[in-house]
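Close look at the chain arrangement
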Amino acid sequence: MRRSVMLSCGSYLPEKFLTNNDLAKLVDTTDEWITQRTGIRKRHMAGEGEKTSDMATRAAEKALKAAGLNGSDIDAIFLATTTPDQTFPATAVTVQDNIGMGDRGFAFDIQAVCSGFIYALSTADNFIKSGQINRALVIGAEHFTRLLDWDDRTTCVLFGDGAGAVVLEASDAGKGDKTDRGILTTHLHSEGAKRDLLYVDGGPSSTRSVGHVRMNGKEVFRNAVTRMSEAIVEAMEASGVSPADVNWLVPHQANRRIIDATAEKLNLSPEKVVVTVQDHGNTSAASIPLALATAVEDGRIRRGDLILMEAMGGGLTWGAALARW
Ligand code: UT7
């Protein structure tokens, strides 16, 4: 059975970071409040002139290097971002140029906010499974601090910048069951009726401005635990996998309490959960590939491990993916 095998991953974080104490100098907050309510201790922030495409390119180059490939080996780029360099063209085409793909294949952006990486992974997987392409770069990259209202303490302490990338390659080596290497299943959902729970109050066709993030934190929290748990169960049932089979949960990193509650609800022991929210904050579409790269680089995730990824974000959008690394 044709599967999308995850060959490698790579990540990039800007040099500059802000601690909770740095933020306490900007808004009425404390290290104690942020740590207790979110688990976040610091978040990175893109440097002057550093764009989403720059961070995406750095992550993509690292992933390509780890796979022993060049840009010219890639057929398509699927780039999840909420913070494109420009309204158009897609940030993905800048990355296509930066990594030396020339006019080979195609590249486009995917907008599903914090669920963006799962959406991009699912899209790439389906292009590969259909036989349309053989190799893809799936990237999550965000310059999210650009969307923050630095006077709003309920949102500005939560988010950060960064990028992560994964190289996918078609393989027919599997038996067509859950022991196969590669992406076993993906599940996407959205509920537009809840778009006002988390949104940006600007855009070309509404205000002609970029806007700032606005969030009903409590409602988003509630929806996050419920919806991500549902998507996880859906993914496990679709592939005949039980919580005991899962080696690693690599969740979207929005809030430590959401991650813990989701893992507990699904009986996944805390040692199996990759948590990076303390160091990265919420990097939206970049958070899952950043967490994945962290755990691959430090040797926790090994070849053959079963990885469960899940996310929820503005839209509302949510989804899950199950893959054998
Ligand atoms: O990536 C996907 C989307 N994002 C998420 O999944 C985030 C989901 N939501 C959350 O993570 C949490 O709801 C937050 C971390 C945003 C907020 O935590 P909470 O426990 O739901 O706090 P709250 O909104 O109920 O606020 C509690 C209190 C309020 O004060 P009062 O009304 O009780 O006097 C807030 O004004 O905490 C206050 N507060 C703060 N205090 C210090 C809110 N933000 C801050 C802050 N520092 N930064």
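In what follows, the accompanying structure is described.

Criteria and thresholds
- Residues numbered from 1 in each chain as written.
- Predicted model: local features only at pLDDT ≥ 70, side-chain atom pairs only at ≥ 80, totals over all residues.
- Heavy atoms only, no water.
- Phe/Tyr/Trp six-rings, centres within 6.5 Å; stacked < 30°, edge-to-face > 60°.
- Helix = DSSP H or I, 4+ residues; strand = E, 2+ residues; numbered from the N terminus.
- Buried < 20%, exposed > 50% of the residue type's maximum accessible area, 1.4 Å probe, protein only.
- Lys NZ or Arg CZ within 6 Å of the ring centre and 35° of its normal.
- Near = heavy atom within 4 Å.
- Polar contact = N/O pair within 3.5 Å; in protein donor to acceptor, adjacent residues only side chain to side chain.
- Areas by Shrake-Rupley, 256 points an atom, 1.4 Å probe, with all protein chains shown as cover.
- Nonpolar A, V, L, I, M, F, W, Y, C, P; charged D, E, K, R; others polar.
- Domains from an automatic or database assignment.
- Salt bridge = Lys/Arg side-chain N within 4 Å of Asp/Glu carboxyl O.

Some remarks on the packing of aromatic side chains
- Per the counting criterion, the structure on display carries 6 aromatic pairs.
- Taking 5.4 Å as the distance between ring centres and 50 degrees as the angle between the ring planes, the aromatic pair formed by F106 and F127 counts as tilted. Here F106, found in strand β5 (residues 106-110), pairs with F127, found in helix α5 (residues 116-129); they are 21 residues apart in sequence, far enough to count as distant.
- Centroid distance F144 to F159: 4.5 Å. Interplanar angle 25 degrees. Geometry classified as stacked. Note that F144 is positioned in the loop between β6 (135-143) and α6 (153-156) and F159 in the loop between α6 and β7 (161-171), a separation of 15 residues in sequence.
- A relative accessible area of 3% places F159 in the buried class.
- Here the aromatic cluster, defined as three or more aromatic residues joined through ring pairs, consists of F78, F106, F108 and F127.
- One Lys or Arg, K42, reaches over the ring of F17 and ends 4.9 Å from the middle of that ring.

Focus: the site of the ligand
- Around the ligand, 23 residues are found, and the nearest of them are T29, R37, K218, N255 and N282.
- Interatomic distance of 2.8 Å between a side-chain N/O atom of H252 and an oxygen atom of the ligand.
- Within the side chain of N255, one N or O atom sits 2.7 Å away from an oxygen atom of the ligand.
- Relative to its unbound accessible area of 950 Å², the ligand is 75% covered by the protein chains.
- Secondary structure elements with two or more residues in the shell around the ligand: α2 (31-38), α6, α7 (217-238) and α8 (256-265).
- A per-element tally of the shell around the ligand places α7 first, with 4 residues.
- In terms of residue class, the shell around the ligand is built from 11 nonpolar, 7 polar and 5 charged.
- Shared between two domains, the shell around the ligand takes at least three residues from each, and those domains are domain 1 (3-171) and domain 2 (182-324).

A short note on unusual backbone geometry
- Geometrically, the link from F88 to P89 is a cis peptide bond, its omega value of 0 degrees lying close to zero.
- Counting through the fold element by element, P89 comes out in the loop between β4 (76-80) and α4 (91-98).
- With an omega of -15 degrees, the peptide bond running from G315 to L316 counts as cis.
- Mapped onto the fold, L316 is located in the loop between β12 (306-313) and β13 (317-324).
- Its identity as a non-glycine residue notwithstanding, R208 has a phi of 60 degrees, on the positive side.
- The residue R208 is located in the loop between β9 (198-200) and β10 (213-215) in this model.
- Relative accessible area serves as the criterion here: at 77%, R208 is assigned to the exposed category.

Quick look at the pattern of salt bridges
- Using the criterion set out here, one finds 17 salt bridges in the structure.
- Salt-bridge contacts for D260 lead to R256; the nearest nitrogen and oxygen are separated by 3.2 Å. Pair noted here: D260 and R256 are both in helix α8, with a separation of 4 residues, about one helical turn.
- A single salt-bridge network, built from bridges that share partners, covers D149, D152, D201 and R214.

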